[in-house]
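# Examining the three-dimensional arrangement
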Amino acid sequence: MQIKTEGFVIKSIKYSEYDSIITIFTRKLGKVSAIAKGARRPKSAFKAGIQPFSYSEFIIFKGRSMHTVNQCDAIEIFYSLREDIFKLSYASYILELVGAVITEDQTNNSLFNLLGKTLYMLKRKNIEINTIVRTFELQFLEFSGLKPNINSCVECGNEEMITHKFSHREGGLLCEQCVGKDKCAVNVSKHTMRLANYLLNADMKKITKLKISQFLNEDLSKITKRYILEHTNVYKFKSLEILEGLVE
Ligand SMILES: [Zn+2]
């Protein structure tokens, strides 16, 4: 059976001298691994469209044990993301997160659209990368069904909190009465939670120039990164390790 679908290439690995196996987040089939025969030949028509980040239109043949890419036309290869180490690392991180939660035969249009918008915004010039990445993380959690409770206490629903304690394990804020549920709950600023609420509902296209302070960025990033590690099957952020080495 042949299927025509758009998709983002999440991973591309060398399979043999001329072939590659690519992992694609497709609109119609969810996550798919497929062999792209001859893709590594110098004149292959597939070459551009099967690189990581590439957004392409694929014709995929669904075999019994292995899928095959029969055709691949690149729509956008996001070349500029490869030229900037910061953008490259964050774009790789974004693909890593998406790859960790999507599964075969499970479509997720909201996440698919979010990934597209995020990569298109990241490739622009004069953008606030931190704001885009923080917004992606929050909306990614929502569209993956993992959104933490950031408006009220996750245990009792209390909305009138004086102190803000965030429990990674319980999945959100804990009020003064419920904070005993998790001794590892961490302090988080109410301004950070307000920002999180704003970004969660923001249109990715409209926040690309919004500057957020270093404190708020770090406070929010600390919460979301640990939350993602605890609630997905990502155990470390391989893509961000190079970047952290550069910043230190
Ligand atoms: Zn409570």
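A brief report on the enclosed structure follows. Every value quoted in this text rests on a predicted model; they were computed, and no experiment measured them.

## Considerations on the nonpolar core
Counting residues in each nonpolar core, the largest one holds 59 residues, and the members touching the most others are Phe-25, Tyr-93, Leu-97, Leu-115, Leu-122, Phe-136 and Phe-140. Mapped by element, the contributors of at least two residues to this core are β1 (2-14), α2 (85-101), α3 (109-122), α4 (129-143), β7 (172-174), α5 (190-200), α6 (214-231) and α7 (238-247). Domain assignment of the residues forming this core places at least three in each of domain 1 (2-76) and domain 2 (80-154 + 156-247). Excluding its chain neighbours within four sequence positions, the residues that come into contact with Leu-97 are Phe-136, Phe-140, Ile-228, Val-234 and Phe-237.

## Digging into the sheet that holds strand β2 (residues 20-26)
Read around the closed barrel, 5 strands run β1-β2-β3-β5-β4, paired in mixed fashion. If you compare each strand with its neighbour and ignore which way they point, the axes differ by 50 degrees on average. In this sheet, strand β3 (residues 30-36) lies alongside β2 in antiparallel orientation, the contact comprising 7 bridges. Residue pairing across strands places Thr-23 opposite Ser-33, the latter belonging to β3. Contacting β1, β2 and β3, α2 crosses the sheet at an angle of about 120 degrees to β1. Strands β1, β2, β4 (55-62) and β5 (67-76) of the sheet are contacted by α3, whose axis makes an angle of about 55 degrees with β1.

## Considering the coordination of the zinc ion
Donor atoms from the polypeptide that bind the zinc ion are Cys-153 (SG), Cys-156 (SG), Cys-175 (SG) and Cys-178 (SG), placed at 2.3 Å. Note that the zinc ion binds 4 donor atoms; their angles at the metal cover 106 to 116 degrees, and the shape is tetrahedral. For the zinc ion, all donor residues lie on one chain, and their spacing in sequence is C-x2-C-x18-C-x2-C. With Cys-153 in the loop between α4 and β6 (165-167) and Cys-178 in the loop between β7 and β8 (186-187), this pair connects stretches of sequence that are 25 residues apart. Taken individually, Cys-153 and Cys-178 each receive the classification buried, so the pair is uniform in this respect.

## Some details on the packing of aromatic side chains
Any aromatic ring pair is given by two values, namely how distant the centres are and how the planes are angled relative to each other. Within the structure shown, the criterion is met by 7 aromatic pairs. Each ring, one from Phe-8 and one from Tyr-55, has its centre 4.7 Å from the other, and the planes form 20 degrees; the classification is stacked. Note that Phe-8 is positioned in strand β1 and Tyr-55 in strand β4, a separation of 47 residues in sequence. Between Phe-78 and Tyr-120, the ring centres sit 5.0 Å apart and the planes meet at 70 degrees, which makes this aromatic pair edge-to-face. Of the two residues, Phe-78 is situated in the loop between β5 and α1 (79-82) and Tyr-120 in helix α3; the sequence distance between them amounts to 42 residues. What links up through ring pairs into an aromatic cluster is the set Phe-8, Phe-25, Tyr-55 and Phe-112. The ring of Tyr-18 carries Arg-41 above its face, with NZ or CZ at 3.8 Å from the centroid.

Criteria and thresholds
Residues numbered from 1 in each chain as written. Predicted model: local features only at pLDDT ≥ 70, side-chain atom pairs only at ≥ 80, totals over all residues. Heavy atoms only, no water. Core = buried A, V, L, I, M, F, W, Y, C linked by side-chain atoms within 4.5 Å. Buried < 20%, exposed > 50% of the residue type's maximum accessible area, 1.4 Å probe, protein only. Helix = DSSP H or I, 4+ residues; strand = E, 2+ residues; numbered from the N terminus. Domains from an automatic or database assignment. Contact = heavy atoms within 4.5 Å. Pairing = 2+ DSSP bridges. Axes fitted to C-alpha atoms, helices over the stretch in contact; angles between N-to-C directions. Donors = N, O, S within 2.8 Å, 3.2 Å for Na, K, Ca; no water. Tetrahedral: all angles 85-135°; square planar, octahedral: opposite > 155°, others 65-115°. Phe/Tyr/Trp six-rings, centres within 6.5 Å; stacked < 30°, edge-to-face > 60°. Lys NZ or Arg CZ within 6 Å of the ring centre and 35° of its normal.

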